[in-house]
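# Close look at the chain arrangement
Next come the chains, spelled out residue by residue.
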Amino acid sequence: MNKFKETIDKIELQEGEKRKMLNNILNHKEEKQYKTKPFVLKFAIFVIGFILLSGSCYALVKILKFDEHFKWLYDKNDEELEQAGVQGTDLNLTKDFDDITVTIKQTILDDTEVYIMLFIKDKIGTFNLTDYFLSPGKTFNENITDDNYMTDYCHSDIKIGCVTKGMANDDEKGLMLNFSIDEKITDSQNVVLRLTNESKNYDIPFTITKNDMKNKIIDVNKVVYNKNDVVATLKTIKLTPFKVIFTMDYNKNPDEISEKVIEDISEDVFNDSADGHNFITFNDGTTMELKVWGQEMITVEGEFGESNAEIVDIDTIKSFTINNIVIEVK
């Protein structure tokens, strides 16, 4: 009975769904020729409820087992990732080529990050991954391989993202590709992943689905810089398990701000030198230095952690200190 109770406790249903299920069971009309004793009726309700909850509703309690390389990179287990609000999608899509077989095992996608976990089976021992790209659409957009469409770190159409982390490929960990998203994509997006072996390309089209990640938006509206005739206001802070994203406002067009003042803002507000004056304070009293960056001054983002990226349970954050201004997280 304890195992049954544990299973039931894990099931999450909307209140309306619970009421509907219970009413359907209780309002089921009995055949007139039978007189059911109260005990038998209660037992029947119990059995029907058990069948419904342990059968058709089983998918509701299934917990995603995250890819081993993803867990290795962030030094988190499945339970810790679940607690942090990270979700993913099991894909298990296999495409066979003459010299390799590619299996896309799992994807993790929110407004800021794309992770694609895959395995490559080298049939003849000549495969050497030299590049990789992610293109929106059902066919690969050849323009995104042109240097004119890329920065020195971008391996993808700017509307999808840029590669930000390394990769590993072995029998245990497989291969993980990571892209940072510069613009929002739809909840379900057709994409083409291109792997390149020297001059040979391998295109794998598939549909990537956005996952329901834990997130929080903090309305700040505080002046965090007021020097050199420039007033910078931190409007909002958006938090995901992967990123901190600032939305900024200025009293003048950022294009009209001198390079010297921009450098000063980058130092004071965005902590460009990482000297410790910008940091996160957690509920347990520990702190983490915060450095953010961006190609523009309006939307500026940063990863958790000083050197290696970390995943953080955003519900454990107590406050931010930006240019010596404390911003409470409520």
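Residues numbered from 1 in each chain as written. Predicted model: local features only at pLDDT ≥ 70, side-chain atom pairs only at ≥ 80, totals over all residues. Heavy atoms only, no water.

What follows covers the sheet that holds strand 10 (residues 230–239). Ordered by their spatial adjacency, four strands build an open sheet running 9-10-11-14, and the pairing between neighbours is antiparallel. At either end of the open sheet lies a strand with only one pairing partner, and these are strand 9 (216–227) and strand 14 (299–303). Ignoring which end each strand starts from, the neighbouring axes of this sheet average 25° apart. Bridging between strand 11 (residues 243–250) and strand 14 involves five bridges; their strand directions are antiparallel. Within strand 14, the residue paired with isoleucine 245 across the bridge is glutamate 301. Packed on one face of the sheet, helix 6 (residues 259–268) meets strand 9, strand 10 and strand 11 and runs near 130° to strand 9. (Pairing = 2+ DSSP bridges. Helix = DSSP H or I, 4+ residues; strand = E, 2+ residues; numbered from the N terminus. Axes fitted to C-alpha atoms, helices over the stretch in contact; angles between N-to-C directions. Contact = heavy atoms within 4.5 Å.)

Taken together, the four strands give an open sheet; going across it, the order is 13-12-15-16, and neighbouring strands pair in antiparallel fashion. Here the strands that pair on one side only, and so sit at the sheet edges, are strand 13 (287–289) and strand 16 (325–328). Mean inter-strand twist for the sheet, computed between neighbouring axes without regard to direction, equals 20°. For strand 15 (residues 317–322) and strand 16, the ladder comprises four bridges, and the chain directions are antiparallel. If you follow isoleucine 322 over to strand 16, its bridge partner there is isoleucine 325.

Mean pLDDT over the protein: 77, with 69% of residues reaching 70 or higher. Note that pLDDT drops below 50 for residues 28–36; the model gives that stretch three contacts with residues more than four away or on any other chain. When the criterion is pLDDT under 50, residues 39–48 qualifies, and its contacts beyond four places in sequence or with other chains add up to seven contacts. (pLDDT = per-residue confidence, 0-100.)

This part is about the pairing of strand 2 (residues 100–109). Of all ten residues in strand 2, eight are buried; the element is thus mostly enclosed. As judged from the six bridges shared by strand 1 (residues 89–96) and strand 2, these two strands associate in the antiparallel manner. When the bridges of strand 2 are listed, lysine 95 appears paired with valine 102. From the end of strand 1 to the start of strand 2, which pair antiparallel, there are three residues. Pairing between strand 2 and strand 3 (residues 113–122): nine bridges, direction antiparallel. For isoleucine 104, the partnering residue across the bridge sits in strand 3 and is leucine 118. From the end of strand 2 to the start of strand 3, which pair antiparallel, there are three residues. (Buried < 20%, exposed > 50% of the residue type's maximum accessible area, 1.4 Å probe, protein only.)

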